Structure formats: C-alpha cells, structure tokens
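Inside the fold
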Amino acid sequence: KEKPDNVEIINALVQIKINLYKCEEALELLDQVYESCYREKQFYLDYAYCTAYLNYGDRCLEMLNKGINIFGVRVVVQTQ
C-alpha cells in the first residue's frame, strides 16, 4: 500500500490475477509496467497468456512478435 507503483509488487499482483483467471485486471497492471518491464521475458509471456485467454488474438500476436524481436524465436518458443 505504501508503494503502489513498485514494479515488483505489480508483477506479483499480475501473477495472482493470472492464477485467479482475472486476465483483464492482469492486463491493466501489465500496461502500467510496460515501460519498466519491456526487457523481461516473463512480461511478454504473461501478456500473451492474458490476451489469448481473453481471445484478443491480434494483441497476443503483437506481444509475441515484440518478444521474438527482443529475445529471439528460440527463447519464446521454449517457454510456451
């Protein structure tokens, strides 16, 4: 509560929301941390999972493509 913008706390909340299948809420949190997490593989996996779960195909593919551009195909495919 003291540091609502703390990225580590937000990432933990994202995992909780995903485990509860509250992907819409998780996406809102992921959008908040995009600027500070765009170099983390887990960010792209979580974003792709949530968008796929919500049937947002275009957004899912867009995030997977961004992840592939940063980490390469092999890394993204291994984690699927």
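The coordinates are above.
A brief report on the enclosed structure follows. (Residues numbered from 1 in each chain as written. Predicted model: local features only at pLDDT ≥ 70, side-chain atom pairs only at ≥ 80, totals over all residues. Heavy atoms only, no water.)

On to the nonpolar core, then. Membership of the largest hydrophobic core comes to 15 residues, with the highest contact counts inside it found for Val 14, Leu 30, Phe 43, Tyr 47 and Cys 50. Of all the secondary structure elements, the ones that give two or more residues to this core are α1 (7-19), α2 (23-37) and α3 (41-53). Here this core gets 7 residues from one element, more than from any other, and that element is α2. Beyond its immediate chain neighbours, meaning those up to four positions away, Val 14 contacts Ala 26, Leu 29, Leu 30 and Asp 46. (Core = buried A, V, L, I, M, F, W, Y, C linked by side-chain atoms within 4.5 Å. Buried < 20%, exposed > 50% of the residue type's maximum accessible area, 1.4 Å probe, protein only. Helix = DSSP H or I, 4+ residues; strand = E, 2+ residues; numbered from the N terminus. Contact = heavy atoms within 4.5 Å.)

Let us now look at the pattern of salt bridges. Overall, the coordinates contain 3 salt bridges when judged by the stated rule. A salt bridge links Lys 17 to Glu 25, with the nearest nitrogen and oxygen atoms 2.6 Å apart. Its salt-bridge partner being Glu 62, residue Lys 66 comes within 3.6 Å of it at the nearest N-O pair. In this pair, Lys 66 and Glu 62 are both assigned in helix α4 (residues 57-71), 4 residues apart and thus about one turn of the helix distant. A relative accessible area of 42% places Glu 62 in the partly exposed class. (Salt bridge = Lys/Arg side-chain N within 4 Å of Asp/Glu carboxyl O.)

All right, on to the packing of α2 against α3 then. Packing of α2 against α3 brings their axes to within 10 Å, and their N-to-C directions diverge by 150 degrees. The angle between α2 and α3 places the two elements in the roughly antiparallel class. Crossing handedness for the pair α2 and α3: left-handed. On α3, the residues touching Cys 23, Ala 26, Leu 27, Leu 30, Asp 31, Val 33, Tyr 34 and Cys 37 of α2 are Phe 43, Tyr 44, Asp 46, Tyr 47, Tyr 49, Cys 50, Thr 51 and Tyr 53. Partitioning the contact of α2 with α3 into residue classes produces 13 nonpolar, 1 polar and 2 charged. (Axes fitted to C-alpha atoms, helices over the stretch in contact; angles between N-to-C directions. Parallel < 35°, antiparallel > 145°, perpendicular 65-115°, else oblique. Left-handed = near helix turned anticlockwise from the far one by under 90°. Nonpolar A, V, L, I, M, F, W, Y, C, P; charged D, E, K, R; others polar.)

It is worth spelling out the environment of Tyr 38 at this point. Mapped onto the secondary structure, Tyr 38 falls in the loop between α2 and α3. The partly exposed category is assigned to Tyr 38, whose relative accessible area is 36%. In this structure, the C-alpha to C-alpha distance between Tyr 38 and Ile 70, residues 32 residues apart in sequence, is 9.0 Å. The contacts of Tyr 38, once residues within four sequence positions are left out, are Tyr 44 and Ile 70.

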